[in-house]
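Listed here are the chains, written in short residue letters.
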Number of protein chains: 2
Amino acid sequence: MNYAAIMAGGSGSRMGVTDVPKQFIALDGLPIIIHTLKVFADCEQIEKTVVMCPNAWVDYTRGLIDAHLAPYSQKLYVAPGGATRNETLEKAVDYICRAFSPDSGSVIVTHDAVRPFLTGRMITENIKYASLYAACGTVFNATDTVVLSADGRFIDSSPDRSTVFNCQTPQSFRLGEYLDSLSKLEKSERDALTDACSLFTLTGKKVYMVQGSAENIKITRPADIQTAMGIIKTRSV
Amino acid sequence: MNYAAIMAGGSGSRMGVTDVPKQFIALDGLPIIIHTLKVFADCEQIEKTVVMCPNAWVDYTRGLIDAHLAPYSQKLYVAPGGATRNETLEKAVDYICRAFSPDSGSVIVTHDAVRPFLTGRMITENIKYASLYAACGTVFNATDTVVLSADGRFIDSSPDRSTVFNCQTPQSFRLGEYLDSLSKLEKSERDALTDACSLFTLTGKKVYMVQGSAENIKITRPADIQTAMGIIKTRSV
(Lines give C-alpha, C1' and ligand atoms only; values in the text may rest on other atoms or scores of the structure.)
Protein backbone atom coordinates (compact mmCIF):
# COMPACT_ATOMS: atom_id res chain seq x y z
CA MET A 1 0.00 0.00 0.00
CA ASN A 2 1.24 3.46 -0.92
CA TYR A 3 0.12 6.76 0.52
CA ALA A 4 0.64 10.38 -0.45
CA ALA A 5 1.11 13.42 1.79
CA ILE A 6 0.58 16.77 0.09
CA MET A 7 2.40 19.60 1.85
CA ALA A 8 0.12 22.64 1.70
CA GLY A 9 1.07 24.23 5.00
CA GLY A 10 2.72 27.39 3.66
CA SER A 11 1.31 30.81 4.38
CA GLY A 12 2.20 32.15 0.94
CA SER A 13 3.75 35.39 2.15
CA ARG A 14 5.94 35.61 -0.97
CA MET A 15 2.95 35.82 -3.33
CA GLY A 16 1.83 39.31 -2.32
CA VAL A 17 -1.62 37.88 -1.57
CA THR A 18 -1.30 37.43 2.15
CA ASP A 19 -4.89 36.43 2.80
CA VAL A 20 -4.92 33.39 0.50
CA PRO A 21 -2.27 30.66 0.76
CA LYS A 22 -0.65 30.21 -2.64
CA GLN A 23 -2.02 26.72 -3.26
CA PHE A 24 -5.54 28.17 -3.49
CA ILE A 25 -4.74 30.70 -6.23
CA ALA A 26 -6.52 29.88 -9.48
CA LEU A 27 -4.50 28.63 -12.42
CA ASP A 28 -6.32 28.13 -15.70
CA GLY A 29 -9.66 28.21 -13.85
CA LEU A 30 -8.86 25.79 -11.00
CA PRO A 31 -7.03 26.23 -7.69
CA ILE A 32 -3.41 25.11 -7.97
CA ILE A 33 -3.94 22.40 -5.35
CA ILE A 34 -6.75 20.84 -7.35
CA HIS A 35 -4.43 20.43 -10.35
CA THR A 36 -1.93 18.73 -8.04
CA LEU A 37 -4.44 16.47 -6.30
CA LYS A 38 -5.90 15.34 -9.62
CA VAL A 39 -2.55 13.77 -10.56
CA PHE A 40 -2.45 11.81 -7.29
CA ALA A 41 -6.13 10.83 -7.46
CA ASP A 42 -5.57 9.50 -10.98
CA CYS A 43 -2.63 7.34 -9.88
CA GLU A 44 -3.92 3.84 -9.15
CA GLN A 45 -0.87 2.93 -7.08
CA ILE A 46 -1.76 5.58 -4.47
CA GLU A 47 -4.31 4.23 -2.00
CA LYS A 48 -5.01 7.37 0.03
CA THR A 49 -3.82 10.97 -0.17
CA VAL A 50 -3.70 13.30 2.83
CA VAL A 51 -3.52 17.06 2.30
CA MET A 52 -1.73 18.82 5.17
CA CYS A 53 -2.90 22.45 5.18
CA PRO A 54 -3.08 25.37 7.65
CA ASN A 55 -5.62 24.66 10.39
CA ALA A 56 -7.82 27.61 9.36
CA TRP A 57 -8.08 26.25 5.82
CA VAL A 58 -9.00 22.61 6.49
CA ASP A 59 -12.74 23.05 5.85
CA TYR A 60 -12.11 25.24 2.81
CA THR A 61 -9.78 22.63 1.31
CA ARG A 62 -12.32 19.87 1.98
CA GLY A 63 -14.91 22.04 0.19
CA LEU A 64 -12.64 22.47 -2.85
CA ILE A 65 -12.15 18.72 -3.08
CA ASP A 66 -15.90 18.09 -2.84
CA ALA A 67 -16.56 20.70 -5.51
CA HIS A 68 -13.88 19.73 -8.03
CA LEU A 69 -12.83 16.15 -7.27
CA ALA A 70 -16.04 14.57 -5.97
CA PRO A 71 -15.51 11.22 -7.77
CA TYR A 72 -12.25 10.78 -5.85
CA SER A 73 -13.35 12.16 -2.49
CA GLN A 74 -13.05 8.86 -0.62
CA LYS A 75 -9.32 8.74 -1.56
CA LEU A 76 -8.61 12.31 -0.40
CA TYR A 77 -8.24 13.40 3.23
CA VAL A 78 -7.46 16.78 4.78
CA ALA A 79 -5.64 17.39 8.07
CA PRO A 80 -3.95 20.37 9.77
CA GLY A 81 -0.19 20.83 9.19
CA GLY A 82 2.44 21.98 11.65
CA ALA A 83 4.46 25.14 12.17
CA THR A 84 7.46 23.97 10.11
CA ARG A 85 7.83 21.77 7.10
CA ASN A 86 9.28 18.94 9.15
CA GLU A 87 6.52 19.18 11.78
CA THR A 88 3.99 19.00 8.96
CA LEU A 89 5.72 15.89 7.61
CA GLU A 90 5.73 14.26 11.06
CA LYS A 91 2.01 15.04 11.44
CA ALA A 92 1.30 13.59 8.00
CA VAL A 93 3.03 10.33 8.83
CA ASP A 94 1.26 10.23 12.18
CA TYR A 95 -2.11 10.78 10.48
CA ILE A 96 -1.46 8.02 7.94
CA CYS A 97 -0.39 5.62 10.71
CA ARG A 98 -3.52 6.26 12.81
CA ALA A 99 -6.05 6.36 9.98
CA PHE A 100 -4.83 3.55 7.73
CA SER A 101 -2.55 1.30 9.84
CA PRO A 102 0.08 0.88 7.10
CA ASP A 103 2.81 -1.74 7.45
CA SER A 104 6.46 -0.71 7.68
CA GLY A 105 7.10 -1.50 4.01
CA SER A 106 4.44 0.99 2.87
CA VAL A 107 5.71 3.86 0.76
CA ILE A 108 4.77 7.43 1.58
CA VAL A 109 5.05 9.87 -1.33
CA THR A 110 5.39 13.49 -0.16
CA HIS A 111 4.78 16.38 -2.54
CA ASP A 112 4.49 20.17 -2.58
CA ALA A 113 0.90 21.32 -3.17
CA VAL A 114 2.29 24.17 -5.29
CA ARG A 115 4.00 21.89 -7.85
CA PRO A 116 1.00 21.11 -10.06
CA PHE A 117 3.01 19.89 -13.05
CA LEU A 118 4.28 16.61 -11.63
CA THR A 119 3.32 13.58 -13.69
CA GLY A 120 1.98 10.11 -12.94
CA ARG A 121 5.32 8.73 -14.15
CA MET A 122 7.14 10.63 -11.40
CA ILE A 123 4.79 9.17 -8.76
CA THR A 124 5.14 5.58 -9.97
CA GLU A 125 8.93 5.89 -10.20
CA ASN A 126 9.00 7.34 -6.68
CA ILE A 127 7.06 4.32 -5.44
CA LYS A 128 9.34 1.93 -7.32
CA TYR A 129 12.61 3.37 -6.05
CA ALA A 130 11.46 4.07 -2.49
CA SER A 131 10.47 0.39 -2.37
CA LEU A 132 13.87 -0.69 -3.71
CA TYR A 133 15.96 1.66 -1.55
CA ALA A 134 15.20 3.49 1.70
CA ALA A 135 14.17 6.68 0.00
CA CYS A 136 14.17 8.68 -3.20
CA GLY A 137 13.75 12.24 -4.33
CA THR A 138 12.78 13.82 -7.63
CA VAL A 139 15.52 16.00 -9.09
CA PHE A 140 16.30 17.82 -12.29
CA ASN A 141 19.68 18.64 -13.78
CA ALA A 142 20.68 22.14 -12.77
CA THR A 143 20.22 24.58 -15.63
CA ASP A 144 22.14 27.35 -13.89
CA THR A 145 25.79 27.08 -13.01
CA VAL A 146 26.05 27.07 -9.22
CA VAL A 147 28.93 28.01 -6.98
CA LEU A 148 29.53 27.23 -3.33
CA SER A 149 30.64 29.87 -0.85
CA ALA A 150 30.83 29.46 2.91
CA ASP A 151 31.34 33.17 3.63
CA GLY A 152 28.94 34.56 1.02
CA ARG A 153 31.67 36.85 -0.34
CA PHE A 154 34.09 34.74 -2.39
CA ILE A 155 33.55 31.63 -4.49
CA ASP A 156 34.97 28.50 -2.82
CA SER A 157 34.25 26.07 -5.64
CA SER A 158 32.30 25.61 -8.84
CA PRO A 159 31.06 22.02 -9.00
CA ASP A 160 30.83 20.58 -12.52
CA ARG A 161 27.28 21.31 -13.62
CA SER A 162 26.69 17.67 -14.59
CA THR A 163 26.99 16.75 -10.88
CA VAL A 164 24.49 19.36 -9.66
CA PHE A 165 20.76 18.67 -9.41
CA ASN A 166 17.85 20.81 -8.27
CA CYS A 167 15.57 19.10 -5.77
CA GLN A 168 11.93 18.90 -6.69
CA THR A 169 9.19 16.77 -5.21
CA PRO A 170 7.83 14.08 -4.87
CA GLN A 171 10.19 12.78 -2.20
CA SER A 172 9.32 9.32 -0.97
CA PHE A 173 10.34 6.72 1.57
CA ARG A 174 9.41 3.43 3.19
CA LEU A 175 7.58 4.06 6.45
CA GLY A 176 9.83 1.78 8.52
CA GLU A 177 13.01 3.46 7.27
CA TYR A 178 11.54 6.89 8.00
CA LEU A 179 10.65 6.03 11.60
CA ASP A 180 14.05 4.42 12.08
CA SER A 181 15.95 7.46 10.73
CA LEU A 182 13.81 9.89 12.71
CA SER A 183 14.46 8.03 15.96
CA LYS A 184 18.21 8.52 15.46
CA LEU A 185 18.00 12.32 15.47
CA GLU A 186 17.80 14.78 18.35
CA LYS A 187 14.83 17.16 18.48
CA SER A 188 17.04 20.07 17.33
CA GLU A 189 18.26 18.06 14.33
CA ARG A 190 14.68 17.17 13.43
CA ASP A 191 13.62 20.82 13.63
CA ALA A 192 16.41 21.77 11.21
CA LEU A 193 15.23 19.33 8.52
CA THR A 194 13.87 21.13 5.46
CA ASP A 195 12.91 18.11 3.39
CA ALA A 196 12.41 14.38 3.61
CA CYS A 197 15.57 13.51 1.68
CA SER A 198 17.88 15.31 4.09
CA LEU A 199 16.63 13.07 6.91
CA PHE A 200 17.96 10.06 5.00
CA THR A 201 21.24 11.59 3.80
CA LEU A 202 21.88 12.80 7.39
CA THR A 203 21.46 9.29 8.74
CA GLY A 204 23.71 7.77 6.08
CA LYS A 205 21.04 6.12 3.93
CA LYS A 206 21.10 5.97 0.15
CA VAL A 207 18.65 8.30 -1.59
CA TYR A 208 17.90 7.46 -5.22
CA MET A 209 17.25 10.29 -7.69
CA VAL A 210 14.13 10.07 -9.87
CA GLN A 211 14.15 12.24 -12.99
CA GLY A 212 11.86 15.27 -12.65
CA SER A 213 11.23 17.87 -15.36
CA ALA A 214 11.82 21.53 -16.12
CA GLU A 215 8.03 22.03 -15.95
CA ASN A 216 7.73 20.63 -12.41
CA ILE A 217 8.08 24.13 -10.95
CA LYS A 218 7.14 25.35 -7.49
CA ILE A 219 4.76 28.28 -7.68
CA THR A 220 5.86 30.72 -5.00
CA ARG A 221 6.05 34.15 -6.63
CA PRO A 222 3.73 36.14 -8.92
CA ALA A 223 6.10 35.64 -11.89
CA ASP A 224 5.73 31.87 -11.42
CA ILE A 225 2.04 32.16 -12.31
CA GLN A 226 3.08 33.61 -15.68
CA THR A 227 5.51 30.72 -16.16
CA ALA A 228 2.79 28.26 -15.20
CA MET A 229 0.40 29.76 -17.76
CA GLY A 230 3.13 29.40 -20.37
CA ILE A 231 3.56 25.72 -19.47
CA ILE A 232 -0.20 25.12 -19.73
CA LYS A 233 -0.31 26.81 -23.16
CA THR A 234 2.64 24.75 -24.40
CA ARG A 235 0.99 21.53 -23.16
CA SER A 236 -2.35 22.24 -24.81
CA VAL A 237 -0.82 22.79 -28.27
CA MET B 1 38.64 52.64 -18.48
CA ASN B 2 36.01 49.91 -18.39
CA TYR B 3 34.64 47.92 -21.30
CA ALA B 4 31.69 45.58 -21.75
CA ALA B 5 31.45 42.44 -23.85
CA ILE B 6 27.91 41.23 -24.55
CA MET B 7 27.76 37.52 -25.31
CA ALA B 8 25.15 37.05 -28.03
CA GLY B 9 26.72 34.12 -29.84
CA GLY B 10 24.08 31.48 -29.12
CA SER B 11 22.02 29.91 -31.86
CA GLY B 12 18.86 29.74 -29.76
CA SER B 13 17.98 26.15 -30.58
CA ARG B 14 16.10 25.77 -27.28
CA MET B 15 13.56 28.47 -28.16
CA GLY B 16 11.76 26.52 -30.89
CA VAL B 17 12.46 29.43 -33.28
CA THR B 18 15.54 28.09 -34.98
CA ASP B 19 15.84 30.82 -37.56
CA VAL B 20 16.11 33.73 -35.10
CA PRO B 21 18.70 33.70 -32.27
CA LYS B 22 16.90 34.25 -28.98
CA GLN B 23 18.40 37.66 -28.28
CA PHE B 24 16.48 39.10 -31.25
CA ILE B 25 13.05 37.97 -30.06
CA ALA B 26 10.81 40.91 -29.16
CA LEU B 27 9.98 41.54 -25.53
CA ASP B 28 7.51 44.30 -24.78
CA GLY B 29 8.03 45.72 -28.27
CA LEU B 30 11.83 45.69 -28.42
CA PRO B 31 14.37 42.95 -29.18
CA ILE B 32 15.73 41.43 -25.96
CA ILE B 33 19.28 42.54 -26.83
CA ILE B 34 18.18 46.18 -27.11
CA HIS B 35 16.82 46.08 -23.55
CA THR B 36 20.18 44.68 -22.42
CA LEU B 37 22.33 47.14 -24.38
CA LYS B 38 20.33 50.10 -23.09
CA VAL B 39 21.44 49.31 -19.52
CA PHE B 40 25.10 49.28 -20.59
CA ALA B 41 24.77 52.38 -22.76
CA ASP B 42 23.22 54.24 -19.83
CA CYS B 43 26.11 53.33 -17.52
CA GLU B 44 28.61 56.19 -17.54
CA GLN B 45 31.40 54.00 -16.18
CA ILE B 46 31.35 51.83 -19.33
CA GLU B 47 33.43 53.44 -22.09
CA LYS B 48 32.69 51.04 -24.96
CA THR B 49 30.47 47.99 -25.35
CA VAL B 50 31.15 45.24 -27.88
CA VAL B 51 28.36 42.85 -28.89
CA MET B 52 29.71 39.44 -29.91
CA CYS B 53 27.08 37.81 -32.17
CA PRO B 54 26.93 35.08 -34.82
CA ASN B 55 28.77 36.14 -37.96
CA ALA B 56 25.62 36.02 -40.09
CA TRP B 57 23.88 38.45 -37.73
CA VAL B 58 26.51 41.17 -37.39
CA ASP B 59 24.89 43.55 -39.90
CA TYR B 60 21.43 42.88 -38.52
CA THR B 61 22.58 43.65 -34.98
CA ARG B 62 24.26 46.85 -36.15
CA GLY B 63 20.97 47.82 -37.81
CA LEU B 64 19.01 47.20 -34.58
CA ILE B 65 21.40 49.44 -32.67
CA ASP B 66 21.11 52.20 -35.28
CA ALA B 67 17.31 51.94 -35.22
CA HIS B 68 16.76 51.80 -31.46
CA LEU B 69 19.87 53.17 -29.77
CA ALA B 70 21.10 55.80 -32.24
CA PRO B 71 22.11 58.33 -29.52
CA TYR B 72 24.52 55.76 -28.11
CA SER B 73 25.80 54.29 -31.38
CA GLN B 74 29.39 55.55 -30.97
CA LYS B 75 29.64 53.56 -27.69
CA LEU B 76 28.32 50.31 -29.20
CA TYR B 77 30.33 47.97 -31.45
CA VAL B 78 29.44 44.65 -33.05
CA ALA B 79 31.82 41.81 -33.86
CA PRO B 80 31.50 38.10 -34.75
CA GLY B 81 31.66 35.58 -31.88
CA GLY B 82 33.29 32.16 -31.84
CA ALA B 83 32.08 28.57 -31.86
CA THR B 84 32.05 28.18 -28.08
CA ARG B 85 31.40 30.55 -25.23
CA ASN B 86 35.07 30.66 -24.29
CA GLU B 87 36.16 31.28 -27.88
CA THR B 88 33.66 34.14 -28.02
CA LEU B 89 35.12 35.57 -24.81
CA GLU B 90 38.66 35.31 -26.17
CA LYS B 91 37.56 37.07 -29.36
CA ALA B 92 35.84 39.81 -27.35
CA VAL B 93 38.98 40.50 -25.32
CA ASP B 94 41.06 40.44 -28.50
CA TYR B 95 38.69 42.91 -30.17
CA ILE B 96 38.81 45.27 -27.19
CA CYS B 97 42.62 45.09 -27.09
CA ARG B 98 42.99 45.90 -30.80
CA ALA B 99 40.30 48.56 -31.06
CA PHE B 100 40.79 50.48 -27.81
CA SER B 101 44.31 49.66 -26.50
CA PRO B 102 43.20 49.27 -22.86
CA ASP B 103 45.80 49.09 -20.09
CA SER B 104 46.15 45.96 -17.98
CA GLY B 105 44.16 47.47 -15.10
CA SER B 106 41.09 48.01 -17.31
CA VAL B 107 38.00 46.10 -16.28
CA ILE B 108 36.03 44.06 -18.79
CA VAL B 109 32.42 43.39 -17.85
CA THR B 110 30.98 40.36 -19.66
CA HIS B 111 27.24 39.77 -19.84
CA ASP B 112 24.67 37.47 -21.47
CA ALA B 113 22.66 39.28 -24.16
CA VAL B 114 19.60 37.33 -23.03
CA ARG B 115 19.63 38.69 -19.46
CA PRO B 116 17.85 42.01 -20.06
CA PHE B 117 16.95 42.63 -16.41
CA LEU B 118 20.40 43.42 -15.05
CA THR B 119 20.67 46.82 -13.40
CA GLY B 120 23.14 49.68 -13.46
CA ARG B 121 23.95 48.87 -9.83
CA MET B 122 25.12 45.38 -10.84
CA ILE B 123 27.44 46.87 -13.49
CA THR B 124 28.98 49.46 -11.16
CA GLU B 125 29.50 46.87 -8.41
CA ASN B 126 31.11 44.54 -10.95
CA ILE B 127 33.53 47.31 -11.91
CA LYS B 128 34.25 48.12 -8.26
CA TYR B 129 34.99 44.55 -7.17
CA ALA B 130 36.84 43.47 -10.34
CA SER B 131 39.07 46.49 -9.71
CA LEU B 132 39.60 45.49 -6.08
CA TYR B 133 40.13 41.77 -6.70
CA ALA B 134 41.11 39.81 -9.81
CA ALA B 135 37.56 39.06 -10.81
CA CYS B 136 33.95 38.96 -9.73
CA GLY B 137 30.72 37.33 -10.74
CA THR B 138 27.08 38.18 -10.15
CA VAL B 139 25.25 35.53 -8.16
CA PHE B 140 21.93 35.05 -6.45
CA ASN B 141 21.12 32.88 -3.45
CA ALA B 142 19.79 29.55 -4.65
CA THR B 143 16.04 29.31 -4.24
CA ASP B 144 15.96 25.58 -4.91
CA THR B 145 17.62 23.05 -2.68
CA VAL B 146 20.42 21.44 -4.67
CA VAL B 147 22.11 18.09 -4.23
CA LEU B 148 25.39 16.82 -5.60
CA SER B 149 25.74 13.41 -7.23
CA ALA B 150 28.77 12.13 -9.09
CA ASP B 151 27.01 9.08 -10.56
CA GLY B 152 23.66 10.72 -11.34
CA ARG B 153 21.82 7.95 -9.45
CA PHE B 154 22.27 8.55 -5.71
CA ILE B 155 22.64 11.76 -3.70
CA ASP B 156 26.21 12.26 -2.45
CA SER B 157 25.56 15.39 -0.41
CA SER B 158 23.11 18.19 0.19
CA PRO B 159 25.03 21.43 0.74
CA ASP B 160 23.36 23.86 3.16
CA ARG B 161 21.25 26.12 0.94
CA SER B 162 22.78 29.25 2.45
CA THR B 163 26.13 28.27 0.89
CA VAL B 164 24.74 27.70 -2.62
CA PHE B 165 24.50 30.50 -5.20
CA ASN B 166 23.25 30.54 -8.78
CA CYS B 167 25.64 32.20 -11.22
CA GLN B 168 24.26 35.04 -13.25
CA THR B 169 26.08 37.66 -15.27
CA PRO B 170 27.76 40.19 -15.42
CA GLN B 171 31.09 38.48 -14.75
CA SER B 172 34.03 40.85 -14.77
CA PHE B 173 37.79 40.90 -14.50
CA ARG B 174 40.87 43.05 -14.84
CA LEU B 175 42.40 42.57 -18.27
CA GLY B 176 45.90 41.81 -16.96
CA GLU B 177 44.65 39.13 -14.57
CA TYR B 178 42.62 37.56 -17.37
CA LEU B 179 45.55 37.31 -19.76
CA ASP B 180 47.74 35.96 -16.96
CA SER B 181 45.23 33.26 -15.99
CA LEU B 182 44.58 32.30 -19.58
CA SER B 183 48.31 31.86 -20.28
CA LYS B 184 48.48 29.28 -17.47
CA LEU B 185 45.96 26.91 -19.08
CA GLU B 186 46.40 24.34 -21.83
CA LYS B 187 44.25 24.66 -24.96
CA SER B 188 42.04 21.75 -23.81
CA GLU B 189 41.46 23.42 -20.44
CA ARG B 190 40.56 26.67 -22.17
CA ASP B 191 38.08 24.90 -24.44
CA ALA B 192 36.37 23.39 -21.39
CA LEU B 193 35.73 26.79 -19.76
CA THR B 194 32.04 27.66 -19.66
CA ASP B 195 32.29 31.05 -18.02
CA ALA B 196 34.75 33.75 -17.09
CA CYS B 197 34.65 33.01 -13.36
CA SER B 198 35.76 29.40 -13.76
CA LEU B 199 38.97 30.60 -15.43
CA PHE B 200 39.84 32.45 -12.21
CA THR B 201 38.74 29.77 -9.74
CA LEU B 202 40.69 27.19 -11.80
CA THR B 203 43.86 29.25 -11.54
CA GLY B 204 43.43 29.79 -7.79
CA LYS B 205 42.35 33.44 -7.88
CA LYS B 206 39.73 34.95 -5.60
CA VAL B 207 36.40 35.68 -7.26
CA TYR B 208 34.14 38.10 -5.39
CA MET B 209 30.38 37.61 -5.53
CA VAL B 210 28.21 40.62 -6.44
CA GLN B 211 24.56 40.37 -5.46
CA GLY B 212 22.29 39.75 -8.47
CA SER B 213 18.51 39.48 -8.36
CA ALA B 214 15.70 36.99 -8.89
CA GLU B 215 14.62 39.06 -11.90
CA ASN B 216 18.02 38.83 -13.64
CA ILE B 217 16.88 35.74 -15.56
CA LYS B 218 18.38 34.22 -18.70
CA ILE B 219 15.77 33.93 -21.43
CA THR B 220 16.37 30.58 -23.11
CA ARG B 221 13.00 28.84 -23.35
CA PRO B 222 9.51 29.92 -24.46
CA ALA B 223 8.25 29.84 -20.85
CA ASP B 224 10.96 32.37 -19.95
CA ILE B 225 9.26 34.92 -22.21
CA GLN B 226 6.13 34.60 -20.06
CA THR B 227 8.23 35.08 -16.94
CA ALA B 228 9.90 38.10 -18.53
CA MET B 229 6.51 39.65 -19.35
CA GLY B 230 5.49 39.12 -15.73
CA ILE B 231 8.65 40.90 -14.55
CA ILE B 232 7.99 43.84 -16.88
CA LYS B 233 4.37 44.11 -15.63
CA THR B 234 5.49 44.02 -11.99
CA ARG B 235 8.11 46.73 -12.67
CA SER B 236 5.68 49.08 -14.40
CA VAL B 237 3.16 49.03 -11.51
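Residues numbered from 1 in each chain as written. Chains lettered and ligands numbered in written order. Predicted model: local features only at pLDDT ≥ 70, side-chain atom pairs only at ≥ 80, totals over all residues. Heavy atoms only, no water.

A look at the interface of chain B and chain A
1) Next: Every contact between the two is made by 34 residues of chain B and, on the other side, 34 residues of chain A.
2) Next: Taking both sides of the interface into account, the surface hidden between chain B and chain A amounts to around 3300 Å²; carbon and sulfur atoms contribute 61%.
3) Next: By the criterion of area lost to chain A, the three top residues of chain B are Phe154, Ile155 and Gln226 of chain B, representing 17% of everything that side buries.
4) Next: Connecting chain B to chain A are zero salt bridges. (Contact = heavy atoms within 4.5 Å. Buried area = accessible area lost by both parts, 1.4 Å probe. Salt bridge = Lys/Arg side-chain N within 4 Å of Asp/Glu carboxyl O.)

Points about the packing of helix 3 (residues 85–100) of chain B against helix 5 (residues 175–183) of chain B
Residues and elements named next belong to chain B.
1) Next: At a minimum axis distance of 12 Å, the contact between helix 3 and helix 5 shows a crossing angle of 130°. When the interaxial angle is binned, helix 3 and helix 5 end up oblique. Between helix 3 and helix 5 the crossing geometry is left-handed. Residues Leu89, Glu90, Val93 and Cys97 of helix 3 form the contact with helix 5, whose participating residues are Leu175, Tyr178, Leu179 and Leu182.
2) Next: Residues that form the contact of helix 3 with helix 5 fall into these classes: seven nonpolar, no polar and one charged. (Axes fitted to C-alpha atoms, helices over the stretch in contact; angles between N-to-C directions. Helix = DSSP H or I, 4+ residues; strand = E, 2+ residues; numbered from the N terminus. Parallel < 35°, antiparallel > 145°, perpendicular 65-115°, else oblique. Left-handed = near helix turned anticlockwise from the far one by under 90°. Nonpolar A, V, L, I, M, F, W, Y, C, P; charged D, E, K, R; others polar.)

Concerning the relation of the copies chain B and chain A
1) Next: If you rotate chain B by 180° and push it 0.0 Å along the axis, it lands on chain A with an RMSD of 0.0 Å. Taken together, these values place the two copies in the relation of a two-fold axis.
2) Next: Both copies share a contact surface, since 100% of the interface residues of chain B are interface residues in chain A too. (Least-squares fit on C-alpha atoms with pLDDT ≥ 70 in both.)

Section: the confidence of the model for chain A
1) Next: Here chain A averages 91 in pLDDT, and 95% of its residues register 70 or above.
2) Next: At the level of chain-chain contacts, confidence expressed as ipTM amounts to 0.90, with global pTM at 0.82. (pLDDT = per-residue confidence, 0-100.)

Concerning the side chain of asparagine 126 of chain B
Residues and elements named next belong to chain B.
1) Next: The residue asparagine 126 is located in helix 4 (residues 120–132) in this model.
2) Next: We classify asparagine 126 as buried; its relative accessible area is 0%.
3) Next: A polar contact of 3.0 Å, which involves the side chain of asparagine 126, links it to the side chain of threonine 138.
4) Next: Those residues in contact with asparagine 126, other than ones at most four positions away along the chain, are Cys136, Thr138, Pro170, Gln171, Ser172 and Val210. (Buried < 20%, exposed > 50% of the residue type's maximum accessible area, 1.4 Å probe, protein only. Polar contact = N/O pair within 3.5 Å; in protein donor to acceptor, adjacent residues only side chain to side chain.)

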